[in-house]
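Per-entry structural report
As a plain string of letters, each chain reads:
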Amino acid sequence: MKRLLTGLLLATAGLTAQAATPAAPAKKPIAIAIHGGAGTISRANLSPEQEKAYHAKLQEALDAGYAVLDKGGRALDAVQAAILVMESSPLFNAGLGAVYNWDGEHELDASIMDGKTLNAGAVAGVKHVKHPILAAYKVMTDSPHVMLAGDGADAFAREEGLEMVDNHYFDTEFRKKALDKAKKAIQGTGYQARNYLAGDYKYGTVGAVALDEDGNLAAATSTGGMTAKRYGRIGDSPVIGAGTYAENGVCAVSATGHGEYFIRLNIAADICARVRYLHKSVKEAADEVIHGRLQKLGGTGGVIVLGADGSITQPFNTEGMYRGFKTRTQNQTLLYGN
Ligand code: ASP
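The following refers to the structure shown. The model shown is predicted, which means the values in this text are computed figures rather than measured ones.

So, helix α8 (residues 267-278)
- Taking 1.5 Å of rise per residue, 12 residues should cover 16 Å, and α8 covers 16 Å from first to last C-alpha, within 8% of that figure.
- Among the residues of α8, those classed as buried are Ile267, Ala268, Ala269, Asp270, Ile271, Cys272, Arg274 and Val275.
- On its buried face, α8 is in contact with β7 (244-247), β8 (251-257), α7 (259-264), α9 (282-297) and β9 (301-307).
- Taken from the residues just after α8, His279 is the one with a positive phi, measuring 55°.

Encoded structure:
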């Protein structure tokens, strides 16, 4: 009886003590999601060593972006931090490791969008900026424009003091082989067949979307485009609304895939419009666009989408998509489909 009483007393004391402690304020959600391109990514095409290398680099990119958010930093800085890691790695078709165009050169595209202000910046067809994502950011912050292309974009980056490189800096043996293979497979001049680019000759574009503690969303994408593309071709990655879109309270999107289709379907903006006007979840909206409209038109690729509440979806209609996400409670990198 005595023991029971003591127990009861302790329990009551515990309850009182608990009730007296103010509940710790719930931490606001922070999240980053990334992709490293979609395409014929299957276990048959990747060795265990390659798999390991991709997982490790994706994790490094996630950690770099997440570290910014965890310190209370901006979503805009988090997406750039993640993309810088991938632009510096030859594993991805962005920065070092960018694909070759038909003429054996590299022309790079990148864009970034701030969900808070709807400001955006992009560069297309640059040949000498080491990190195109930094140039895109500078276009947004230091110019009155949204998109700069070609020589003008390179000149702007140089004036802004960004690191410039010879076009050969982007060379890799792996991408050169992909160009040779593509050229053999492509009949005639290479310009008549719309879908010749859709085969094995692409993938590796990188992208990131982030949500910071203040509820701001940002999205960014960087690419070398598609192997054997015609000189001057611009894909969806630098086109705001096609390859990249972010709006606070709605969603942030970065896309990868056959750019011509993503431009025609205005993929990133369409997903956000479904969330904004039809009140769809990011998963419903992205599935409708990727598995509905894109699929129907014959396009291939995928998107990473982050909702205002931190919800994440990463659908694709290819065999695989290099991807990952990190939140306060989750951390994952993935390569293949289910
Ligand atoms: N979307 C990119 C482009 O068309 C390529 C890719 O994502 O692999 O330039």
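Here the narrative resumes.
With respect to the site of the ligand
- In the region of the ligand, the neighbouring residues are Tyr203, Thr205, Gly225, Met226, Arg233, Gly235, Asp236, Ser237, Thr256, Gly257 and Gly259.
- Between Thr205 and the ligand, the recorded distance is 2.9 Å, taken from a side-chain N or O atom to an oxygen atom.
- Between the ligand and Arg233, the relevant distance is 2.8 Å, taken from an oxygen atom to a side-chain nitrogen or oxygen of the residue.
- Computed on the free molecule, the ligand has an accessible area of 270 Å², of which 100% lies beneath the protein chains in the complex.
- Most atoms of the ligand, that is more than half of them, are within 2 Å of grid points of the largest cavity.
- Considered class by class, the residues forming the shell around the ligand number two nonpolar, seven polar and two charged.

With respect to the state of the cysteines
- The full count for this structure, using the stated rule, is one disulfide.
- Here Cys251 is linked by a disulfide to Cys272, with a sulfur-sulfur distance of 2.4 Å. Residues Cys251 and Cys272 share a disulfide whose torsion about the S-S bond is about -125°; that sign makes it left-handed. With a gap of 21 residues between them, Cys251 in strand β8 and Cys272 in helix α8 connect regions that are remote in the sequence.
- Take Cys272: its relative accessible area is 0%, and that puts it in the buried class.

Here we look at the pairing of strand β1 (residues 31-39)
- A large share of β1 lies buried, amounting to nine of its nine residues.
- Across five bridges, the pairing between β1 and strand β5 (residues 206-211) is antiparallel. Bridge assignment links His35 to a residue of β5, and that residue is Gly207.
- Looking at chain direction, β1 and strand β11 (residues 320-327) are connected through seven bridges and run antiparallel.

As for the sheet that holds strand β4 (residues 147-149)
- Strand order in the open sheet formed by eight strands is β4-β3-β2-β6-β5-β1-β11-β12, and the pairing between neighbours is mixed. Edge positions in the sheet fall to β4 and β12 (331-336), since each has one partner strand and no second. Between one strand axis and the next, the sheet turns through 5° on average, direction left out of account.
- In this structure, β5 lies alongside strand β6 (residues 217-223), joined through six bridges in antiparallel fashion. Each bridged residue has a counterpart across the sheet, and for Val206 the counterpart in β6 is Ser222.
- Relative to β5, helix α3 (residues 75-87) is tilted by about 155°, and along the sheet it contacts β1, β2 (108-114), β5 and β6.

Describing the pattern of salt bridges
- In total, this model carries 16 salt bridges according to the counting rule given.
- For the salt bridge of Arg276 with Glu247, the shortest nitrogen-to-oxygen distance reads 2.6 Å. Taken together, the residues span a long stretch of sequence, with Arg276 in helix α8 and Glu247 in strand β7 at a distance of 29 residues.
- What makes Arg276 partly exposed here is its relative accessible area of 24%.
- Via salt bridges that share partners, Asp270, Arg274, Lys280, Glu288 and Arg293 belong to a single interconnected network.

How each quantity is defined
Residues numbered from 1 in each chain as written. Predicted model: local features only at pLDDT ≥ 70, side-chain atom pairs only at ≥ 80, totals over all residues. Heavy atoms only, no water. Helix = DSSP H or I, 4+ residues; strand = E, 2+ residues; numbered from the N terminus. Expected span 1.5 Å × (residues − 1). Buried < 20%, exposed > 50% of the residue type's maximum accessible area, 1.4 Å probe, protein only. Contact = heavy atoms within 4.5 Å. Near = heavy atom within 4 Å. Polar contact = N/O pair within 3.5 Å; in protein donor to acceptor, adjacent residues only side chain to side chain. Areas by Shrake-Rupley, 256 points an atom, 1.4 Å probe, with all protein chains shown as cover. 1 Å grid on protein atoms, 1.4 Å probe; cavity = no way out; pocket = protein on both sides within 12 Å on 5 of 7 lines; lining within 4 Å. Sits in = over half its atoms within 2 Å of the grid points. Nonpolar A, V, L, I, M, F, W, Y, C, P; charged D, E, K, R; others polar. Disulfide = S-S within 2.5 Å. Pairing = 2+ DSSP bridges. Axes fitted to C-alpha atoms, helices over the stretch in contact; angles between N-to-C directions. Salt bridge = Lys/Arg side-chain N within 4 Å of Asp/Glu carboxyl O.

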